[in-house]
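One-letter residues, chain by chain:
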Amino acid sequence: MPHQRKILTVVLLSAGCGASSSRTPAPAPAVTRVPVLDVAAAPQPAAAEPVSAITLVSTPSPASAPATPPAIRPDDEQTEALLRLRSELYRASAQDLAAHHAKFRALCDEHGYPVVGNVASKSMRHDVTGYCADVRTQLVLRTPSDA
Amino acid sequence: MQAFELTAIGGPWGRRLAPRRAWIDELPWDEALPPCVDARQVWTATAFSEYASAAAFAEIAAALLAAGAPIDLVAAAGDFVVDEIVHTELAARVAARLGGAVTLEVDLARLVRPPVAADPLLAAAELVVRTSCVGEALTVPILKLSRRLAGSALVDAAIATIVADESHHAQLGWWFLDWAADRLDDDARAHLGAVAGGAIRAFAPMLGEGGRACAPSHLGTLGCADYDPAFAAAAERAVARPLAARGIVVPAADLAAVGVPPPGA
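All residue numbers here refer to positions counted from 1 along the written sequence of the relevant chain. Key to labels: chains lettered from A, ligands numbered from 1, both in the order written. Reporting of local features is limited, given that this is a predicted model, to residues whose pLDDT is at least 70; pairs of side-chain atoms are given and counted only at 80 or more, and all residues count toward the totals for whole chains, interfaces and linings.

1. Describing the overall build of chain A
Inference 1: Under the scheme used here, helices are H or I runs from DSSP no shorter than 4 residues and strands are E runs no shorter than 2 residues, and both carry numbers assigned from the N terminus. From N to C terminus, chain A includes three helices and four strands.
Inference 2: Going from the N terminus to the C terminus, chain A shows its helices and strands as β-β-β-α-α-β-α.
Inference 3: Field definition: a residue is buried when 20 or more other C-beta atoms are found within 10 Å of its C-beta, exposed when 12 or fewer are, and partly exposed for counts in between, with C-beta atoms placed from the backbone. Every one of the 147 residues in chain A was classed for burial, and the buried ones make up 24%.
Inference 4: By the criterion used throughout, residues are in contact when their C-beta atoms, derived from the backbone, lie within 7 Å. Residue pairs at least 24 apart in sequence account for 72% of intrachain contacts in chain A once pairs closer than 6 positions are excluded.

Here it is in structure tokens:
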């Protein structure tokens, strides 16, 4: 049986970006790391394993739990669907969200082929607040004839 | 559509690839990095872009063979497949280091837009222009900017290596066009200009703020304030100008779609 190793692992994450300068050590996030690629270890015969895993990584540790109940429930009490939606909101355009696209998609040309090269480095974060603002704007701008 | 996933099988195939990817392990993976959704998305998309580029160079290698291109050029195109696969792994590992890849839906049956020309030489030229003369040529200046603003030793080192390889990948396009110059007539050059224009115009939806906040540039991501002008400059300097020097004119409307001002403006 061939040995397969996970290289690309899908993770849902609710945390935003930290400081832009990361040369100084940042506090270790409460994450559950998934071994993505163990290149040092010699391959051992093993059964094929799933090539993708979904792991929730923003579960707060008990030590860091606040004394008072949090206003927002921690991620481990949220449904997976809600966490996925929140992650997608960061990336999706208003048009995508309006069309109810459920996942991120690679940027493609009009025929569905990926754009060429490696230049999709533009950050296009879209948070919940921004999305709701966009929706409100669209509603305000609608005229009676659009309804 | 399917979720983008990667696996490695190891054994003799892993050992065969090992010398080409050994440098990845030397990068500063122990650097403390903040979890960042933007960067995770960008590096996941990067992994897929590199994967699609590997497919493109595999197609180019076959097309160059069919066109009777110089064998060292063919060998380079085949070798670039390995470069892109290594970049794919690198990007996936950076995404993992930043907190994990996001779910990215892709269509692996549509990785490379097929050429429309029936003539083998022009078909090869289409693939080369789209991939090397546009895609790879745009990639170099954009990644250089990403590197400058990365704010991370790991991301800096990762991008530096990618840029060094992509520079060679872009050069293949210019060398091919110069070799084929005597066999490309005016119609062929006009066709290739339209091919380049279409590839450039496909990026237009990425430009502008689109009602979103303009995020800062870091960890390999570029905010719109940095990305948009850099893209327009790259399209003009790294693509349109060298193509024009070879008699291949990118339609002005396609350049305008990504913010390149008309000549004389």
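Having seen the model, we can carry on.
2. What to know about the overall build of chain B
Inference 1: The number of helices and strands found in chain B is eight helices and three strands.
Inference 2: Reading the secondary structure of chain B in the N-to-C direction produces β-β-α-α-α-β-α-α-α-α-α.
Inference 3: Two things to know: the radius of gyration comes from C-alpha atoms, and the globule rule equals 2.2 Å times the number of residues to the power 0.38. At 19 Å, chain B has a C-alpha radius of gyration in line with the 18 Å of a compact globule built from 265 residues.
Inference 4: Overall, the C-alpha framework of chain B stretches about 55 × 50 × 30 Å when taken along its three principal axes.
Inference 5: Counting across all 265 residues of chain B, residues that qualify as buried make up 52%.
Inference 6: When contacts within chain B are restricted to residue pairs at least 6 apart in sequence, those whose partners lie at least 24 apart make up 82%.

3. Observations concerning the sheet that holds strand β1 (residues 2-3) of chain B
Inference 1: We treat two strands as partners when DSSP finds at least two bridges between them. The mixed open sheet is built from three strands, whose spatial order is β4(A)-β3(B)-β1(B). Only two strands of the sheet have a single partner each, and these edge strands are β4 (104-105) of chain A together with β1 of chain B.
Inference 2: Note that β4 of chain A and strand β3 (residues 104-106) of chain B share two bridges and pair parallel. For Phe-104 of chain A, the partnering residue across the bridge sits in β3 of chain B and is Leu-104 of chain B.

4. Describing the packing of helix α4 (residues 120-148) of chain B against helix α7 (residues 224-244) of chain B
Residues and elements named next belong to chain B.
Inference 1: Fitting a line to C-alpha atoms yields each axis, with helices limited to the stretch in contact; the angle taken between N-to-C directions then spans 0 to 180 degrees. Packing of α4 against α7 brings their axes to within 9 Å, and their N-to-C directions diverge by 140°. Taken together, the axes of α4 and α7 lie oblique to each other. α7 is crossed by α4, and the crossing has right-handed handedness. Along the contact surface, α4 presents Cys-133, Val-134, Ala-137, Leu-138, Val-140, Pro-141, Ile-142 and Leu-145, while α7 presents Asp-226, Ala-230, Phe-231, Ala-234, Ala-235, Ala-238, Val-239 and Leu-243.
Inference 2: As a working rule, the residues Ala, Val, Leu, Ile, Met, Phe, Trp, Tyr, Cys and Pro are called nonpolar, Asp, Glu, Lys and Arg charged, and the rest polar, with Gly in that last group. For the contact of α4 with α7, the class distribution of residues is 15 nonpolar, no polar and one charged. An angle counts as roughly parallel when it lies under 35 degrees, as roughly antiparallel when it exceeds 145, as roughly perpendicular when it falls between 65 and 115, and as oblique in every other case. Here a crossing is called left-handed whenever its near helix is offset anticlockwise from the far helix by less than a right angle, and right-handed whenever the offset is clockwise.

5. A word on the nonpolar core
Inference 1: Counting 99 residues, the largest nonpolar core has Ile-60, Val-134, Ala-196, Ile-200, Ala-235 and Val-239 of chain B as the members making the most contacts within it.
Inference 2: Elements represented by at least two residues in this core include exactly α2 (37-66), α3 (71-97), β3, α4, α5 (153-180), α6 (186-201) and α7 of chain B. Throughout this description, the term nonpolar core refers to a group of buried Ala, Val, Leu, Ile, Met, Phe, Trp, Tyr and Cys residues whose C-beta atoms join them within 7 Å.

6. Considerations on α6 of chain B
Inference 1: Helix span, expected: 1.5 Å multiplied by one less than the number of residues in the helix. A rise of 1.5 Å per residue sets the reference length of α6 of chain B, with its 16 residues, at 22 Å; its end C-alpha atoms lie 22 Å apart and thus fit the reference within 8%.
Inference 2: Where α6 of chain B is buried, its residues meet α4, α7 and α8 (252-256) of chain B.

7. Points about the confidence of the model for chain B
Low pLDDT means the predicted coordinates in that region are not meant to be read closely.
Inference 1: Per residue, pLDDT measures the predictor's confidence, with a range of 0 to 100. A residue-level look at chain B finds 97% of positions with pLDDT of 70 or above and a mean pLDDT of 92.
Inference 2: The least confident element of chain B is β1 of chain B, whose mean pLDDT is 85; the most confident is α6 of chain B, at 97.

8. A few points about the confidence of the model for chain A
Residues and elements named next belong to chain A.
Inference 1: Here chain A shows a mean pLDDT of 52. Residues at 70 or above account for 20%.
Inference 2: Of all the helices and strands in chain A, strand β3 (residues 54-56) carries the lowest mean pLDDT, 32, while β4 carries the highest, 74.
Inference 3: Within the model, pLDDT remains below 50 along residues 18-67, and this stretch shows 94 contacts once partners closer than five positions in the same chain are excluded.

9. Details of the environment of Leu-104 of chain B
Inference 1: Here Leu-104 of chain B shows up in strand β3.
Inference 2: On the basis of neighbour counts, which here come to 23 C-beta atoms within 10 Å, the residue Leu-104 of chain B falls in the buried class.
Inference 3: Leu-104 of chain B sits 102 residues away from Gln-2 of chain B along the chain, and the two C-alpha atoms are 8.0 Å apart.
Inference 4: Residues within four places of Leu-104 of chain B in sequence aside, it is in contact with Phe-104 and Ala-106 of chain A together with Ala-3, Phe-4, Thr-44, Ala-45 and Phe-48 of chain B.

10. Structural notes on the packing of α2 of chain B against α3 of chain B
All names here are of chain B.
Inference 1: Between α2 and α3, the shortest axis-to-axis distance is 8 Å and the interhelical angle comes to 165°. Accordingly, the angle class assigned to the pair α2 and α3 is roughly antiparallel. α3 is crossed by α2, and the crossing has left-handed handedness.

11. Quick look at the environment of Glu-136 of chain B
Inference 1: The topology assignment puts Glu-136 of chain B in helix α4.
Inference 2: Residue Glu-136 of chain B is classed as buried on the basis of its C-beta count, with 31 C-beta atoms lying within 10 Å.
Inference 3: Linking Glu-136 of chain B and Leu-219 of chain B, residues 83 residues apart in sequence, is a C-alpha distance of 21 Å.
Inference 4: Once you skip the residues sitting within four places of it in the chain, Glu-136 of chain B turns out to touch Gly-117 of chain A together with Thr-131, Glu-166, His-169 and Ala-170 of chain B.

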